[in-house]
Every structure is written in C-alpha cells, then in structure tokens.
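# Survey of secondary and tertiary structure
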Amino acid sequence: MRELRIHACALLAAVLLPLCAAPAAAAPVSAAGTLEPAIDCATGPDRPNPVVLLGGFGGVGDIGATLDKQLAGITTGIRAAGGCPLIFGYGIIGPVHAAAPVPESARQVEEFVDKVLATTGADRVDIVAHSSGALVADYYVKLLHGDSHVRRMVQLAPVTRGTTGATLVAGLDIPGVPGGPAELIQEVANPLRDTVFAGLRGALDCLAGSEVTREVLAGGVTRPGVRYAVLAARGDQVLTPPGTASFIEEPGVVNEFFEDRYPGAGVAGHATLPMQPDAAHWVLEQLFSE
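In this text the structure is predicted, and so the values were computed from the model without any measurement.

## Here we look at the environment of Leu200
Structurally, the position occupied by Leu200 is in the loop between helix H6 (180-189) and helix H7 (201-204). Under the relative-accessibility criterion, Leu200 is labelled partly exposed at 23%. Setting aside anything within four residues of it in sequence, one finds Leu200 in contact with Phe57 and Ala99.

Spelled out as structure tokens, the structure:
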C-alpha cells in the first residue's frame, strides 16, 4: 500500500500541476490565503460592472506575477475598453495558488466580491475564470447564492464536470492496478485527502466525480439572471475529455471550441488558452457585447 501511495502522489502531481501556466521564478508567497488587488479603478455608465478575474490551480512561486502574465492580454483589453479588471488570488497554501478546497476558495471569492461592490458602488460584477477558477466561481454563484451579485460568467477551459486526466496518463501501466492510473487516482484520492494530499484539495476537487463537481452539477449549473459563456480547447490535455469536461450544456449558455471559432490560430493548450490574443478578444466580446 505504501508503494501505491508513493506512485499515486507522483501521478497526481503529473496530472494536476499542468492546470496552471508555467510559473515565474521568484520567492514563494507566504500562506496568507489570498492576494487582493487594489480596488482603485472606476466604473462608468458604459462599463458598470467591475470584472473579477480568477486563475486556476498552481501558480507555484510568485503567484501574483504568474497570474498577471497569464491574464495580461485580457486585463489590458478590459482596461482599454474602459472596464475595471481585478485579478484575485485565492486558496493559497504555501506557494501554491488555488490549493485550498473549492468551498473555502469560493467563500474567499464571496468576501472579495462583497468588498468590490462596497468599494465601487456597483450593483454586480462580471467574472472571468480559467480552469479550476471557474469551478470556484460556479460554486460561489450557485451554492453560496452569489447569483444576485454576478451578471456575466465568462469561462476559459473551465472545470465543470471534472477531469479524468485520461490523456496525460494514457499508456501508463501500474502493476496490480488493472484500470491503470485513472483507477488508482479514484481509489486512493479520498483516503489520502486529509494526509498526503492535504495541500492539493483544490486540485482533487477538480477530478471527475468529486463531491464538489457533483454538487455544482446537481440540478444544473446556471442561475437565472447570470449570462454564461464557455471557451474550451480541443488541444486540452488536462481537462479531458476536451469540451465534455468544460461545456455547460444548458439553455442560453455559449459553448465554443477555440479552434473552431479561430481556425487560423492553431491548437491551444490548457494553460496557454488565456494568453491567446484571440481568446482575449473572445472574452471582451462576451463581456461587452449585448
């Protein structure tokens, strides 16, 4: 059993760490829990909703610099359009972003949104979320009743149904485990959740069939009055199956593949999708076109 647990740790790291962009080399962030931006941009009649941006799991090292780099094209576009972008870092455990359990991270998002509304005087915010950040946002909007405070949910390669990790672990063989790595992850994840994987709860919540994904999916993801749009990547090797793991198949939701919408842009990966100029353009369309 000890040998299986060691294999599980290595495998889970291989499956889950690519959920973030390549980290910048810098000193680790202390376990402060969150990284809050200064709420110093003004809203106006044409752009009344501040835009809260949520990155995904990982960002090891200089979390702020990593999130800024990954979301730079989107934040620059929002500012140029007269909007107010606010990148919020949540669920920080040691040097890892979004490592806390999704419900805990969602409560942090709830507190930050309340602060943004109180500071700016806005009635609602828009949320742009990547990867596990979208699962956190969905949990906040649906299960913490954040729908009254959110107008738009724009999601890039979001964790919706959870990932099987099938592409990353394909072809790997583990003696004594007929179902291979995917079976091993599912069998050992829960018993080790509070020990070996204590600092990866946010990533474990992203696995297909997790308690969090079941709660978010039960009875439907979307909430009345909130507009949802999802952009997935056919080249996604982290959220598998691509599209199926991300799309919200409910009335009124925009579900698109990046490669179909922008055929000349090439194949996008999971971590790099937010950095694609065309993906940033798509986000701006969802935020500011009626």
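## Considerations on the pairing of strand S3 (residues 125-130)
Summarising burial for S3: six of the six residues are buried, a large majority. Side chains Val125, Ile127 and Ala129 of S3 all project onto a buried face; the interleaved residues Asp126, Val128 and His130 project onto the opposite face, where all are buried too. When strand S1 (residues 51-54) meets S3, the two strands line up parallel, connected through four bridges. Counterpart to Val51 in the pairing with S3 is Asp126. Where S3 meets strand S4 (residues 150-156), six bridges bridge the pair, whose relative direction is parallel. Among the inter-strand pairings, Val128 is bridged to a residue of S4, identified as Val154. At this point the chain moves from S3, through helix H4 (residues 132-143), to the parallel S4, and the crossover so formed is right-handed.

## A closer look at the nonpolar core
Grouped together as the largest cluster of nonpolar side chains are 47 residues, with contacts concentrated most on Val52, Leu54, Val125, Ile127, Tyr140, Val150 and Met153. Every element with two or more residues in this core is listed here: S1, helix H3 (102-120), S3, H4, S4, helix H8 (211-217) and strand S5 (227-232). If we ignore the near neighbours within four places in the chain, the residues touching Val150 are Arg124, Val125, Ile127, Tyr140, Val141, Gly225 and Val226. Val51, Val128, Leu156 and Leu287 belong to the second-largest nonpolar core, a separate cluster that totals 26 residues.

## What to know about the packing of H3 against H4
The contact between H3 and H4 brings their axes to 8 Å, and the two run at 70°. Considering the angle they form, H3 stands roughly perpendicular to H4. Handedness of the H3/H4 crossing: right-handed. Residues Val102, Pro103, Ser105, Ala106, Val109, Glu110 and Val113 of H3 lie in contact with H4, whose contacting residues are Leu135, Val136, Tyr139 and Tyr140. For the contact of H3 with H4, the per-class residue count stands at nine nonpolar, one polar and one charged.

## Quick notes on unusual backbone geometry
Of note, the bond from Thr240 into Pro241 is cis; its omega dihedral lies within 30 degrees of zero at -5°. Mapping Pro241 onto the fold places it in the loop between S5 and strand S6 (254-257). Notably, Ala98 is not glycine yet its phi reads approximately 60°, a positive angle. With respect to the helices and strands, the residue Ala98 is situated in the loop between strand S2 (85-87) and H3. Notably, Ser131 is not glycine yet its phi reads approximately 60°, a positive angle. Its location among the elements puts Ser131 in the loop between S3 and H4.

Scoring rules and cut-offs
Residues numbered from 1 in each chain as written. Predicted model: local features only at pLDDT ≥ 70, side-chain atom pairs only at ≥ 80, totals over all residues. Heavy atoms only, no water. Helix = DSSP H or I, 4+ residues; strand = E, 2+ residues; numbered from the N terminus. Buried < 20%, exposed > 50% of the residue type's maximum accessible area, 1.4 Å probe, protein only. Contact = heavy atoms within 4.5 Å. Pairing = 2+ DSSP bridges. Right-handed = clockwise from strand over helix to strand, strands pointing away. Core = buried A, V, L, I, M, F, W, Y, C linked by side-chain atoms within 4.5 Å. Axes fitted to C-alpha atoms, helices over the stretch in contact; angles between N-to-C directions. Parallel < 35°, antiparallel > 145°, perpendicular 65-115°, else oblique. Left-handed = near helix turned anticlockwise from the far one by under 90°. Nonpolar A, V, L, I, M, F, W, Y, C, P; charged D, E, K, R; others polar.

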